[in-house]
Amino acid sequence: MLLFVGLGNPGAKYARNRHNIGFMAVDEISRRHRFSPWRRRFQGETSEGTLDSEKVILLKPTTYMNESGRAVQEAASFFKLGVGDVTVFQDELELPPGKLRVKVGGGIAGHNGLRSISAHLGNDYRRVRLGIGHPGVKELVHGHVLSDFAKADMPWVEALCEAVADNAELLTGKRDSTFANKVHLALQAKGFLDKGDAGAA
């Protein structure tokens, strides 16, 4: 069994925020793979299903971003999962819009959701980093992540979430590089990334 965690803030006012792209990604996984309806538990919402014959629990913490670790720890403890069984889908300022990277462990780069999860669970969980771009100066970061995607952004946001969902089965077998490259190629094919870009692994 694996736990896939989407990061975001609960409530309609945050639903289209850049900070909520993690929620959007797991919502799309649930839709694409016909997971169970979302239900409230573990200080969040869960949806259950199977990817490549592996049972997967999707979790969206409803604690607000900076307390995400409480929900993740509660779910992981209930299912007796180790830190290596957890994958977190997060917004990433340091990647251009539409880019994706997968890594295990590493720094939190000021991300409050990751800070909370690392404090509760340890640091060696897998992160699927979904690029939202950087506003250019540090002072604008807070407003950038907590503002909605522009209407013009939505085609690549939807394409990224769809590609993540289409290839999510690869994450159950720890085929991270293959997953990242397939997502990258899907975005390239739709014209959202340059042909000359390096692979997304």
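Keep in mind that this is a model prediction, so the values were computed, not measured. (Residues numbered from 1 in each chain as written. Predicted model: local features only at pLDDT ≥ 70, side-chain atom pairs only at ≥ 80, totals over all residues. Heavy atoms only, no water.)

## Some words on the sheet that holds strand β3 (residues 44–51)
To keep it simple, the criterion reads: Between any two strands, pairing holds if DSSP finds at least two bridges. Secondary structure is summarised from DSSP: a helix means a run of H or I of at least four residues, a strand means a run of E of at least two, and numbering begins at the N terminus for each. Here an angle of 0 to 180 degrees is reported between the N-to-C directions of two axes, which are lines fitted to C-alpha atoms, with helices fitted over the stretch in contact. What makes two residues a contact is simply this: any of their non-hydrogen atoms within 4.5 Å.
Taken in spatial order, the 7 strands of this open sheet run β2-β3-β4-β1-β5-β7-β6, and their pairing is mixed. What marks the edges here is a single partner per strand, and that holds for β2 (39–41) and β6 (100–104). Pairs of neighbouring strands in the sheet enclose a mean axial angle of 30°, with direction left out of account. Bridge count for strand β5 (residues 86–92) against strand β7 (residues 126–131) is 6 bridges, and the pairing is parallel. Residue pairing across strands places D91 opposite L130, the latter belonging to β7. Sheet contacts for helix α7 (residues 176–189): β6 and β7; angle to β6, the most-contacted strand, approximately 170°.

## Digging into α7
Note the cut-off: Expected span of a helix: the number of residues minus one, times 1.5 Å. Burial classes: relative accessible area under 20% of the type maximum marks a residue as buried, over 50% as exposed, and values in between as partly exposed (1.4 Å probe, protein chains only).
Helix length check: α7, at 14 residues, gives a terminal C-alpha distance of 20 Å against a target of 20 Å (1.5 Å per residue), a fit within 8%. Three or more residues of α7 are buried, namely D176, F179, A180, V183, H184, L187 and Q188. Looking at the buried side of α7, the elements it contacts are β6, β7, α5 (154–166) and α6 (169–172). Remark: G191 follows α7 within two positions and exhibits a positive phi of approximately 85°.

## Thoughts on the packing of aromatic side chains
This is how the line gets drawn: Two rings belonging to Phe, Tyr or Trp (six-membered ring only in the last case) form a pair when the distance between their centres is within 6.5 Å. Interplanar angles under 30 degrees mark stacking, angles over 60 mark edge-to-face geometry, and anything in between is tilted.
For the structure on display, the rule yields 6 aromatic pairs. Ring centres 6.1 Å apart and planes at 80° place the aromatic pair Y14 and Y64 in the edge-to-face group. Taken together, the residues Y14 in the loop between β1 (2–6) and α1 (21–32) and Y64 in the loop between β4 (54–61) and α2 (68–78) connect sequence positions 50 residues apart. Judged by centre distance (5.2 Å) and plane angle (50°), the rings of F42 and F78 are tilted.

## Describing the pattern of salt bridges
How we decide: In what follows, salt bridge is the name for a side-chain nitrogen of Lys or Arg lying within 4 Å of a carboxyl oxygen of Asp or Glu.
Applying the stated criterion across every chain yields a total of 15 salt bridges. E45 is the partner of R40 in a salt bridge, and the nearest nitrogen-oxygen pair spans 3.9 Å. For R40, a relative accessible area of 62% translates into the label exposed. For R175, the salt bridge goes to D52, with nearest N and O atoms at 3.5 Å. You can see R175 sitting in the loop between α6 and α7 and its partner D52 sitting in the loop between β3 and β4, a full 123 residues away along the chain. Judged by its relative accessible area of 38%, R175 is partly exposed. When salt bridges that share partners are traced, they join E28, R31, R32, E162, D166 and K190 into one network.

## Here's the deal with the side chain of R18
Operational definition: Distance and chemistry together define a polar contact, namely a pair of N or O atoms within 3.5 Å, with one atom able to donate a hydrogen and the other to accept it when in protein, and with adjacent residues in sequence counting only for side-chain atoms on both sides.
Its location among the elements puts R18 in the loop between β1 and α1. At 2.6 Å, the side chain of R18 forms a polar contact with the side chain of S147. When residues no more than four places from it in sequence are discounted, the contact partners of R18 are D91, I132, H144, V145, S147, D148, F149, A150 and D153.

## Some thoughts on the pairing of β4
Within β4, 6 of the 8 residues are buried, which leaves it mostly tucked inside the rest of the structure. In textbook terms, the turn of a hairpin is the stretch between consecutive antiparallel strands, and for β3 and β4 this stretch comprises 2 residues, one of which, D52, has a positive phi near 50°.

On their own, these measurements won't tell you what the molecule is for.
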